[in-house]
Amino acid sequence: MKIVLSLFLCFSFCLVSAAPARTAQTDELASMMPLLQASTRTTAQTQKVLQLFVSSKNANTVFTTGASLVRLPPPLTQEAKLFNVLLKDSDDLKKVFAAVILTAMGTTHEELSPLLKDATASADHAVRAYSASAYTILNPQDSSYASQIVNLYIYDPAFAQRAMNLLADNDKQAFKYIKEASQAQDEQVRAAAAAWLADLQDKEAAKQLLKMAKSETSPQTMTALASALAKNRAWTLDEIAKNLTTNYNKPAATTYALALGFMPGYCIDILKQNLTGKNINARVNAMRAAAYMAGVLGSNQAATYSSDKTFDISLLKGLIPTLSTLAQNGNAAEKEYAQTALTQIAKLK
């Protein structure tokens, strides 16, 4: 069985998955990305982003600039410009984001509710999530869109939290909504719930993550879940180590192995013990974890998971003798997984 080593380390931030043809507008958007992603902006910079949002006829640009303006809203003096979009623009996506931006600005315009409610039926995950959150901010008595608020967490945690704060009476109620979302049919909603649970840094949240790991089968959600488990290692590491005996062909085993891969520097001893143990599933899962760990340390996300990349690489390379022995003397499955781990480790500098 082949190991899938591609690590889905971030979620797409764009509506259009296919690469658009190069145009002057897409070039302008690319040049604007540092400004769109900035943590703060001057009034003049915000005006520049707003102008691109208002003038654009490209869906990807509208979404990206719109989402940026939700995160860092323009001043109230720009209300008229956004209402002009609502009244005169023919672009439905732009109208929806104008309504969301107005809501993010702190204004309360109940007349926006019908437009936002209609947009919650969009085929696009992000549009649904932004619209549902803005609608809930205007109508906090309506809990119909709690799962979509959770979905927004992967796009805009602060706006999602704002909507959740108005929807839920207390932290316990908020946790209930996030927990319910972790069991949703939509895999992206479950992935977003895992990300939110991870950031709660709470024993009960970690317990729910471990429960999710037992049955999750979606690659997207498994990756988000593995990262979440790693972030909560104080409550999850021992349980993950126990579950390395899970049949390595099962999705849960992939989640556990990947979670360990996201914990460089914290689980090398666990991998050593299992690589030389008697249980074949534990041995194979430890090999998979080593391969995943090499992938993490070799990626541009390494700093997210390792405080000392050089040291963690040296620890991982300490597994090479054992992996080499398994690659030569193990059964067919062990040879394949051990060699994959060695190949990935060899790429590390």
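Just so it is clear, the structure is predicted and the values come from calculations on it, not from any experiment.

Break down unusual backbone geometry for me, citing the residues and quoting the values.
For Q201, which is not glycine, the phi torsion reads 50 degrees and is therefore positive. Considering the arrangement of structural elements, one finds Q201 in the loop between helix 11 (187–200) and helix 12 (203–213).

Which residues make up helix 9 (residues 157–167), and what values do they have?
Every buried residue belonging to helix 9 is among F159, A160, A163, M164 and L167, and all of these are buried. Angular distribution of buried residues about the axis of helix 9 spans 135 degrees; they occupy a single face of the element. Structurally, helix 9 contributes buried residues whose contacts are with helix 3 (59–71), helix 5 (92–104), helix 7 (125–138), helix 8 (146–152), helix 10 (171–181) and helix 11.

So, the side chain of N232: which residues are in play, and what are the values?
By the secondary structure assignment, N232 is in the loop between helix 13 (219–231) and helix 14 (233–242). Among the polar contacts listed, one links the side chain of N232 to the backbone oxygen of A198, at a separation of 3.1 Å. Those residues within four positions of N232 in sequence are excluded, and the remaining contacts are L197, A198, Q201, D202, A206 and L209.

Provide a residue-level description of the confidence of the model for the chain, including the pertinent values.
Close inspection of predicted coordinates is inappropriate for parts of the model with low pLDDT. Here the chain shows a mean pLDDT of 92. Residues at 70 or above account for 92%. Per-residue pLDDT stays below 50 along residues 1–23; that stretch engages in 46 contacts with residues further than four places along the chain or on separate chains.

I'd like to hear about the pattern of salt bridges, residue by residue, with values.
Counted by the stated rule, this structure contains 5 salt bridges. Across the salt bridge formed by D89 and K94, the nearest N and O atoms sit 3.3 Å from each other. Residue D89 shares its accessibility class with K94, and that shared class is buried. Ionic pairing is found between E334 and R283, a salt bridge with its closest N-O pair at 2.5 Å. You can see E334 sitting in helix 21 (residues 332–346) and its partner R283 sitting in helix 17 (residues 280–297), a full 51 residues away along the chain. Of the two residues, E334 and R283, both sit in the buried class.

Give a detailed account of a positive patch on the surface, specifying residues and quantitative values.
There is a patch of like positive charges on the surface, built from K179, K203, K207, K211 and K214. Tallying contributions element by element places helix 12 first for the positive patch, with 3 residues.

Please provide a residue-by-residue account of the packing of helix 17 against helix 21, values included.
Running from amino to carboxyl end, helix 17 crosses helix 21 at an angle of 20 degrees, the nearest separation of the two axes being 8 Å. It follows that helix 17 is roughly parallel to helix 21 by the angle criterion. Between helix 17 and helix 21 lies a crossing of left-handed hand. Together, I280, R283, V284, M287, R288, A290, A291 and A294 of helix 17 and E334, Y337, A338, T340, A341, Q344 and I345 of helix 21 make up the contact between the two elements. Looking at the contact of helix 17 with helix 21 residue by residue, the classes come out as 10 nonpolar, 2 polar and 3 charged.

Summarise the packing of aromatic side chains; cite the residues concerned and give the values.
Counting across every chain of the model gives 8 aromatic pairs. A centroid spacing of 5.4 Å and a plane angle of 85 degrees characterise the contact between F63 and F97, whose relative ring orientation is edge-to-face. With a gap of 34 residues between them, F63 in helix 3 and F97 in helix 5 connect regions that are remote in the sequence. Looking at F63, the relative accessible area reads 0%, which means it is buried. With relative accessibility at 1%, the residue F97 sits in the buried group.

Before we move on, can you summarise the nonpolar core with the specific residues and values?
Judged by nonpolar contacts, the single largest core of 117 residues is most densely connected at F53, Y130, M164, L260 and L316. With 12 residues, the single largest contributor to this core is helix 17. Beyond its immediate stretch of four places on either side in the chain, M164 contacts I149, V150, A174, Y177, I178 and W196.

Please give an account of the environment of K317 that cites residues and values.
Residue placement: K317 occurs in helix 19 (residues 309–317). Residues in contact with K317, not counting those within four places in the same chain, are I345, L348 and K349.

So, the packing of helix 13 against helix 14: which residues are in play, and what are the values?
Relative orientation of the contacting elements helix 13 and helix 14 amounts to 110 degrees, with a least axis distance of 6 Å. One finds that helix 13 runs roughly perpendicular with respect to helix 14. Residues L229, A230 and K231 of helix 13 form the contact with helix 14, whose participating residues are R233, T236 and I240. Taken together, the residues that form the contact of helix 13 with helix 14 break down as 3 nonpolar, 1 polar and 2 charged.

Parameters and conventions
Residues numbered from 1 in each chain as written. Predicted model: local features only at pLDDT ≥ 70, side-chain atom pairs only at ≥ 80, totals over all residues. Heavy atoms only, no water. Helix = DSSP H or I, 4+ residues; strand = E, 2+ residues; numbered from the N terminus. Buried < 20%, exposed > 50% of the residue type's maximum accessible area, 1.4 Å probe, protein only. Arc of directions from axis to C-beta. Contact = heavy atoms within 4.5 Å. Polar contact = N/O pair within 3.5 Å; in protein donor to acceptor, adjacent residues only side chain to side chain. pLDDT = per-residue confidence, 0-100. Salt bridge = Lys/Arg side-chain N within 4 Å of Asp/Glu carboxyl O. Patch = residues over 30% accessible without salt bridge, like charges linked within 9 Å, V, L, I, M, F, W, Y side chains within 5 Å. Areas by Shrake-Rupley, 256 points an atom, 1.4 Å probe, with all protein chains shown as cover. Lys, Arg positive; Asp, Glu negative; His and termini not counted. Charge placed at Lys NZ, Arg CZ, Asp CG, Glu CD. Axes fitted to C-alpha atoms, helices over the stretch in contact; angles between N-to-C directions. Parallel < 35°, antiparallel > 145°, perpendicular 65-115°, else oblique. Left-handed = near helix turned anticlockwise from the far one by under 90°. Nonpolar A, V, L, I, M, F, W, Y, C, P; charged D, E, K, R; others polar. Phe/Tyr/Trp six-rings, centres within 6.5 Å; stacked < 30°, edge-to-face > 60°. Core = buried A, V, L, I, M, F, W, Y, C linked by side-chain atoms within 4.5 Å.

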